[in-house]
Number of protein chains: 2
Amino acid sequence: MTRAEDPKLEPNKAQSGVSQYNETLDGLFGYHLKRATNVLQLDLKHALKPFDLRMLTYTALVLIVDNPGLRQSQLAEAMDVERPNMVVIIDTLESRELIIRDRVPTDRRAYALNATLAGRRLCEKATMAVKQHEERLLHQLSPEMRQTVIAALTLIRKVGGGVAP
Amino acid sequence: MTRAEDPKLEPNKAQSGVSQYNETLDGLFGYHLKRATNVLQLDLKHALKPFDLRMLTYTALVLIVDNPGLRQSQLAEAMDVERPNMVVIIDTLESRELIIRDRVPTDRRAYALNATLAGRRLCEKATMAVKQHEERLLHQLSPEMRQTVIAALTLIRKVGGGVAP
DNA sequence: TATTGTTATACTCTATAACTATA
DNA sequence: TATAGTTATAGAGTATAACAATA
């Protein structure tokens, strides 16, 4: 029993189950951006699941691995995450002994974040998995297309950063 | 007091306050996508605030305005939202008398969603505001660039829809 | 006085199971 | 039995205020 009584409601129903009911939304850049991001995030979630990492914990781990000695406040700024929310992310990584909080001798308020060997290894494996998953989703996009998209996204970020709320 | 003791940590600090600490993440398409989406979503949030609409309520309103008689389940599918979560969104719009739930005579389980005059008017005004906000963020992108990006995002969505979890 | 990390809290979005009333 | 809408609930992500220790 299909629900095709009203043909207007199913203009281009894809095999994926995604329907298009609209024109207004299709005219909005942000709508396309959000939908595609959701798809990629969902895929990323599955890619990270075997490593018991989520988007935020993975991103934090990558940044710590690549920037030894990073402070929590710097990490929070780099990830656009509020400091209070950063704490639980760091707690999670630390409890799994993927990173450690080292006291900074010159500023006893702060912690210098460093990845453990296990953290670096997990990060490497996870990144490989993430890249594989991404490639599966992006294989239809030419290198030029990818470059253009990333350039556009970077531009948006720059403009947005300068726009007052 | 700047925090530039470690120059490696601030390779290209922008005026926006956004720092780049990384190479691994910059190689990930999804990272750029998420960051840009965050910027656009934040801007959209501010654009919709005067109308007391959020991203989800706005999207639902648009779809109902453009597709009179839509069922809740169809709306949920179109928005990639679970049916239970759809209920509260519809409740919100209905309590503000922007839409109404009409019983479907041929299927008394279902509701046909229809926008009120107030709903259509608010939708129109909100859409104008959203487009203005978007234009401010996207004015640096040429029409060709936008087309390419939207084409790429659509491709990702299609591929992602067909990828098994 | 300002900053780092922290606690507590609240709101939004998301996801699942189970119920009701219809079909 | 299957579906439409609903309820309840739990998990993430996000945001703000306020605190202790330190600068």
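In the block above lies the structure referred to throughout.
First things first, this report covers the structure right here in the doc.

### A short note on the protein's contact with DNA strand C
Taken together, 19 residues surround DNA strand C, and among them Ser 73, Arg 101 and Arg 109 of chain A together with Asn 85 and Arg 109 of chain B come closest. For DNA strand C, the fraction of atoms within 4 Å of the protein that belong to sugar or phosphate moieties is 58%. At 3.1 Å, a backbone N or O of Tyr 111 of chain A approaches a phosphate oxygen of DNA strand C. In the model, a phosphate oxygen of DNA strand C is placed 2.9 Å from a nitrogen or oxygen of the Arg 54 of chain B side chain. For the surface near DNA strand C, the secondary structure elements donating two or more residues are helix 3 (72-79), helix 4 (83-95) and strand 2 (107-115) of chain A together with helix 4 (83-95) and strand 2 (107-115) of chain B.

### Some points on the packing of helix 3 (residues 72-79) of chain B against helix 4 of chain B
All names here are of chain B. At their nearest, the axes of helix 3 and helix 4 sit 9 Å apart, and the two run at 105° to each other. With respect to helix 4, the element helix 3 is oriented roughly perpendicular. Contacts between helix 3 and helix 4 involve Gln 72, Ser 73, Leu 75, Ala 76 and Met 79 from the first element and Arg 83, Met 86, Val 87 and Ile 90 from the second. The residue makeup of the contact of helix 3 with helix 4, split by class, is 6 nonpolar, 2 polar and 1 charged.

### Overview of the protein's contact with DNA strand D
Around DNA strand D there are 19 residues in total, and Asn 85 of chain A together with Gln 72, Ser 73, Arg 101 and Arg 109 of chain B lie nearest to it. If you look at DNA strand D and keep only atoms within 4 Å of the protein, 57% of those are sugar or phosphate atoms. Arg 109 of chain B places a polar side-chain atom, nitrogen or oxygen, 2.6 Å from a base oxygen of DNA strand D. Among the elements of the structure, helix 4 and strand 2 of chain A together with helix 3, helix 4 and strand 2 of chain B are those that each provide at least two residues to the surface near DNA strand D.

### Here's the deal with empty space enclosed by the protein
All told, the structure shown has 3 cavities of 30 Å³ or more when counted by the stated rule. A volume near 100 Å³ is recorded for the largest cavity. Forming the walls of the largest cavity are 14 residues, and the residues nearest its centre are Leu 40, Leu 44, Val 130 and Glu 134 of chain A together with Gly 30 of chain B. When residues in the lining of the largest cavity are grouped by element, the largest group, 4 residues, is from helix 5 (residues 117-138) of chain A. Among the residues making up the lining of the largest cavity, the classes are represented as 9 nonpolar, 3 polar and 2 charged. Here the second largest cavity is characterised by a volume of approximately 60 Å³.

Definitions and limits used
- Residues numbered from 1 in each chain as written.
- Chains lettered and ligands numbered in written order.
- Predicted model: local features only at pLDDT ≥ 70, side-chain atom pairs only at ≥ 80, totals over all residues.
- Heavy atoms only, no water.
- Near = heavy atom within 4 Å.
- Polar contact = N/O pair within 3.5 Å; in protein donor to acceptor, adjacent residues only side chain to side chain.
- Helix = DSSP H or I, 4+ residues; strand = E, 2+ residues; numbered from the N terminus.
- Axes fitted to C-alpha atoms, helices over the stretch in contact; angles between N-to-C directions.
- Parallel < 35°, antiparallel > 145°, perpendicular 65-115°, else oblique.
- Contact = heavy atoms within 4.5 Å.
- Nonpolar A, V, L, I, M, F, W, Y, C, P; charged D, E, K, R; others polar.
- 1 Å grid on protein atoms, 1.4 Å probe; cavity = no way out; pocket = protein on both sides within 12 Å on 5 of 7 lines; lining within 4 Å.
- Points joined across faces, edges and corners; volume = space filled by probe spheres on them.

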